[in-house]
Amino acid sequence: MRIFVTDFDGTEHELEALEGWRVMEIIRDYGLPIKAECGGACSCATCHVYVDEEWFGKLRPMEPEEEEMLDEAYDVKDNSRLSCQILMGEELDGLKVTLAPNPD
Ligand code: FES
């Protein structure tokens, strides 16, 4: 399985993805600049990504915790999600996301 992640320069990276991993972990382990400060506990919003339109509807709907945390994120769009709340599985093979900017 793989996912495609576009970084801040607009470069697309192809990352190998493992079943059951959080998309945030896959991006972080690959070395892309995702802060993910809370380590996946849904309490920081620094793992914010924009999900490609064709994939957005295939994700599991947001839990209330994710919605609340996303409210605090910077530059939220209709296709925003927290990547630590997206679990990798066969149905997401080929998923495309773009890293969202994080103010320092
Ligand atoms: S890593 Fe903190 S909310 Fe996702």
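The rules behind these values
- Residues numbered from 1 in each chain as written.
- Predicted model: local features only at pLDDT ≥ 70, side-chain atom pairs only at ≥ 80, totals over all residues.
- Pairing = 2+ DSSP bridges.
- Helix = DSSP H or I, 4+ residues; strand = E, 2+ residues; numbered from the N terminus.
- Axes fitted to C-alpha atoms, helices over the stretch in contact; angles between N-to-C directions.
- Core = buried A, V, L, I, M, F, W, Y, C linked by C-beta atoms within 7 Å.
- Buried ≥ 20, exposed ≤ 12 C-beta atoms within 10 Å, placed from the backbone.
- Contact = placed C-beta atoms within 7 Å.

**Remarks on the sheet that holds strand β3 (residues 48-51)**
One open sheet holds the five strands; their spatial order is β2-β1-β5-β3-β4, and the pairing between them is mixed. Strand pairing shows two members of the sheet lacking a second neighbour, β2 (12-16) and β4 (80-82), which therefore form its edges. Averaged over all pairs of adjacent strands, the angle between strand axes in this sheet comes to 35 degrees, irrespective of strand direction. Relative to strand β5 (residues 96-99), strand β1 (residues 2-6) is paired through three bridges, and the arrangement is parallel.

**Section: the nonpolar core**
Residues Ile3, Val23, Met24 and Val97 are the most contacted members of the largest nonpolar core, which totals 22 residues. Ranked by the residues each element gives to this core, the list is headed by helix α1 (residues 23-30), at four residues. When sequence neighbours within four positions are dropped, the list of residues in contact with isoleucine 3 reads Leu15, Ala17, Val23, Ile26, Leu95 and Val97.

**A word on α1**
Among the residues of α1, Val23, Met24, Glu25, Ile26 and Ile27 are the ones counted as buried. Taken together, the buried residues of α1 touch β1, β2 and β5. Phi for glycine 31, located one or two positions after α1, is positive at around 100 degrees.

**Some points on the environment of tryptophan 21**
Relative to the elements of secondary structure, tryptophan 21 occurs in the loop between β2 and α1. For the pair formed by tryptophan 21 and glutamine 85, sequence separation is 64 residues and the distance between their alpha carbons is 10.0 Å. Look past the residues within four positions of tryptophan 21 in its chain and what remains in contact with it is Ile26 and Met88.

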